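These are the residues of each chain, in order.
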Amino acid sequence: MTLITDVRLRRILDSRGNPTVEADVVTESGGFGRAAAPSGASTGEYEAVERPPSEAIAAAREEAVPRLVGEAYAGNQREVDAALHAADGTDDFSEIGANSAVAISMAAAKAGADVLGAPLFQHLGGAFRGQNFPIPLGNVVGGGEHAADATDIQEFLVAPVGAPSVEDAVFANATVHGTVADLLEERDVPCGKGDEGAWAPSIDDSEAFEIVDEAVSIVQDEVGFNIGFGLDVAGAELYDSETGTYEYSDRSRDTDEQIEYIAELVREYDLVYVEDPLDEDDYDAFADLTDEVGDQTLICGDDLFVTNTDRLVEGIDRGAANSILIKPNQIGTLTDAFDAIELATQNGYDPVISHRSGETEDTTIAHLAVATDAPFIKTGAVGGERTAKLNELIRIADDAT
Ligand SMILES: C=C(OP(=O)(O)O)C(=O)O
Ligand SMILES: [Mg+2]
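Please read all numbers here as calculations on a predicted model, not as lab measurements.

J.: Tell me about the site of ligand 1, residues and numbers included.
T.: Close to ligand 1 lie 16 residues; A41, H146, R356, S357 and K378 are nearest. E275 is positioned such that a nitrogen or oxygen atom in its side chain is 2.9 Å from an oxygen atom of ligand 1. Contacts to ligand 1 include D302, whose side-chain N or O atom sits 3.0 Å from an oxygen atom. Starting from 280 Å² of accessible surface for ligand 1 in isolation, the protein chains cover 100%. Per-class residue counts for the shell around ligand 1 are two nonpolar, six polar and eight charged. Counting the residues that make up the shell around ligand 1, at least three belong to each of domain 1 (4-117) and domain 2 (135-397).

So, in structure tokens, the structure goes:
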């Protein structure tokens, strides 16, 4: 029933107005799945390769589609993803493009779920998933590669850890986002938004800490449950490998100073989550920081691990980080993302399922988070391509997908 009978690929718009790859997968019994690839701006050096969409589509039509149509079953995700790897023939999807691969992989999963008549999270995670929901990390202030002339730290993230439901959590994040706008207005700071819908004011990081801390306290009092906050430092973007220093607008920090700075921030603001505090090549520094504050907070590797099990094994061996960001397009298939999640949880690393700065209305990551019982999902706070995932979580909780 799930034999793939058609795969169609096209260019569509992403949230930045750039082209991206969308895939449709159809099965013998009429099952249908559609998915689109997201796209990063602060990409890790070791990510699978995103090719220009028209090239990725042409290559996938030539190499991958013939290995899927009449050959692979959408209900057998490992088989579909193995066919994508075989079609590509490289270890980084540089032939068919990770953007074509991930779009087809996710569309096949949706087609498999459609044939079963089950929600995607259940097809991926099994009958007993759907009881636990991830805490959404909501980006409320940001800069770095996601906005010009804003904070050095890429993302200030709200973490409503005490929310009684995913719906309460999602609304709390949106309320903090709105409260941040009020506080910026009180300070006469004009601002627009960055790529992920976070406010992108022209302020320094210390003022951003003050404002987010205050907004979180105000909303916490309002809603009556515990709200923390965290960061995506995107350390690799700040790091200058020539000088071995992290370059902030107002000063430089060497690696030891960077570790101390982050550890102090964790203590001062009780941060619940710190992503990529250090350069993507510096496992040792990640290990030192994890040693120092890993019992108080999550130290998450995004550019460090790039959803890659080989890099995660190295991190586990060296005690670097205690959490991994999971972005399916960093590695190219759902199978690879699942394997990274499984390896992480088996070794006490918390998986955090994540969007990219360039997104579409695709909701696969919401289902992936529920399917894998992930404790966190990072998918923005506002903006249609972000709320697509957040609203899908609310629908899953309401049993309405
Ligand atoms: C979501 C992120 O940004 P991008 O998609 O630009 O890598 C991130 O760095 O975690
Ligand atoms: Mg990141």
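J.: Pulling in residues and values, what's your account of the environment of L278?
T.: Inspection of the secondary structure puts L278 in the loop between β12 (273-275) and α10 (283-293). Judged by relative accessible area, which is 1%, L278 ranks as buried.

J.: Which residues make up the UniProt feature "domain: Enolase N-terminal" (unreviewed entry) in the chain, and what are the values?
T.: Per the UniProt record, the feature "domain: Enolase N-terminal" (unreviewed entry) sits at residues 4-124. With 42% helix and 20% strand, residues 4-124 has its two end C-alpha atoms placed 18 Å apart.

J.: Could you give an account of the domain arrangement of the chain, with specific residues and numbers?
T.: As far as domains go, the chain holds domain 1 (4-117) and domain 2 (135-397). Between the C-alpha centres of domain 1 and domain 2 the distance comes to 27 Å. Taken together, the contact between domain 1 and domain 2 spans 34 residues of the former and 30 residues of the latter. Counting each side, the surface lost to burial between domain 1 and domain 2 is near 2,500 Å², with a carbon and sulfur contribution of 49%. D195 is the salt-bridge partner of R16, the closest N and O atoms lying 2.7 Å from each other. At the junction of domain 1 with domain 2, the criterion picks out 20 residue pairs in polar contact (both at pLDDT 80 or more).

J.: With reference to specific residues and values, describe the confidence of the model for the chain.
T.: Residue-level pLDDT values for the chain average 98, and 100% of them are 70 or greater. For this predicted complex, the interface score ipTM comes out at 0.99, while the overall pTM is 0.98.

J.: Could you give an account of the pairing of strand β2 (residues 19-27), with specific residues and numbers?
T.: Among the nine residues that make up β2, seven are buried, leaving the element largely enclosed by the rest of the structure. One ladder, built from nine bridges, connects strand β1 (residues 4-13) with β2; its direction is antiparallel. If you follow L9 over to β2, its bridge partner there is A23. Once β1 ends, the chain turns through five residues before running back antiparallel as β2, passing G17 with a positive phi of about 85°. Of the pairings in the sheet, the one linking β2 to strand β3 (residues 32-36) comprises five bridges and is antiparallel in character. Paired with V25 across the two strands is G33, which belongs to β3. Where β2 folds back on β3, the antiparallel hairpin that results is connected by four residues, among which G30 adopts a positive phi of roughly 95°.

J.: Could you give me a rundown of the coordination of the magnesium ion (ligand 2), with the residues and numbers involved?
T.: Summarising the metal site, the magnesium ion (ligand 2) is bound by the protein donors D232 (OD), E275 (OE) and D302 (OD), whose distances to it range over 2.0 to 2.2 Å. Spacing between the donor residues of the magnesium ion (ligand 2) along the chain follows D-x42-E-x26-D. Of this pair, D232 sits in strand β8 (residues 228-232) while E275 sits in strand β12, and the two are 43 residues apart along the sequence. Pair check on accessibility: D232 and E275 agree, each one buried.

J.: Just give me the short version of the packing of helix α9 (residues 255-269) against α10, but keep the residues and values in it.
T.: Closest axis-to-axis distance for the α9/α10 pair is 10 Å, and the angle between their directions is 30°. Between α9 and α10, the crossing angle belongs to the class labelled roughly parallel. By crossing handedness, the relation of α9 to α10 is classed as right-handed. Contacts from T255, I259, E260, I262, A263, V266 and R267 of α9 reach α10 at A285, D288, L289, E292 and V293. In the contact of α9 with α10, the residues fall into seven nonpolar, one polar and four charged.

J.: Quick one: what's the story with unusual backbone geometry, residue by residue and with numbers?
T.: Its identity as a non-glycine residue notwithstanding, D270 has a phi of 55°, on the positive side. Tracing the chain through its elements places D270 in the loop between α9 and β12.

J.: Outline the UniProt feature "domain: Enolase C-terminal TIM barrel" (unreviewed entry) in the chain, listing residues and values.
T.: The sites that carry the UniProt feature "domain: Enolase C-terminal TIM barrel" (unreviewed entry) are, in the present numbering, residues 130-400. Split by type, residues 130-400 is 44% helix and 19% strand. Its first and last C-alpha atoms lie 12 Å apart.

Definitions and cut-offs
Throughout, residues of each chain are indexed from 1 in the direction in which the sequence is written. Written order decides the labels, with chains lettered from A and ligands numbered from 1. Only residues with pLDDT of 70 or above have their local features reported here, since the model is predicted, and side-chain atom pairs are shown and tallied only from 80 upward, although totals for entire chains, interfaces and linings are computed over all residues. Excluding hydrogens and water, the side-chain values take into account all heavy atoms of the structure. In this text, near means that some heavy atom of the residue lies within 4 Å of the molecule or strand in question. By the criterion applied in these results, polar contacts are pairs of N or O atoms within 3.5 Å in which, for protein atoms, one can donate a hydrogen and the other can accept it, and in which residues neighboring in sequence qualify only through two side-chain atoms. To be clear on the numbers: accessible area is Shrake-Rupley with a 1.4 Å probe, and residue cover counts the displayed protein chains and nothing else. Gly is put with the polar residues, along with every residue not named as nonpolar or charged; the nonpolar set is Ala, Val, Leu, Ile, Met, Phe, Trp, Tyr, Cys and Pro, and the charged set is Asp, Glu, Lys and Arg. The domain limits used here are those given by an automatic or database domain assignment. For helices the rule is a DSSP run of H or I covering at least 4 residues; for strands it is a run of E covering at least 2, with both sets numbered from the N terminus onward. Exposure categories follow from relative accessible area, calculated using a 1.4 Å probe and restricted to protein chains: below 20% of the type maximum is buried, above 50% is exposed, and the middle band is partly exposed. UniProt positions are given in the numbering used here, feature names are shortened, and annotations may be inferred rather than shown by experiment. Here a residue-residue contact requires only that any non-hydrogen atoms of the pair lie within 4.5 Å. Once two parts are brought into contact, the accessible area they lose, counted with a 1.4 Å probe and summed over both, makes up the buried area. Put simply, a salt bridge is a Lys or Arg side-chain nitrogen that is within 4 Å of an Asp or Glu carboxyl oxygen. Every residue is assigned a pLDDT by the predictor, reflecting its confidence on a scale from 0 to 100. The criterion for strand pairing is that DSSP finds at least two bridges linking the strands in question. Shown as donors are all N, O and S atoms within 2.8 Å of a metal ion, widened to 3.2 Å for Na, K and Ca; because water is not in the atom set, sites may appear incomplete. As a rule, the C-alpha atoms of each element are fitted with a line to give its axis, helices using only the stretch in contact, and angles between N-to-C directions run from 0 to 180 degrees. Angle categories: roughly parallel below 35 degrees, roughly antiparallel above 145, roughly perpendicular from 65 to 115, and oblique for all the rest. By convention the crossing between two helices is left-handed if the near helix lies anticlockwise of the far one by an angle smaller than a right angle, and right-handed if it lies clockwise.

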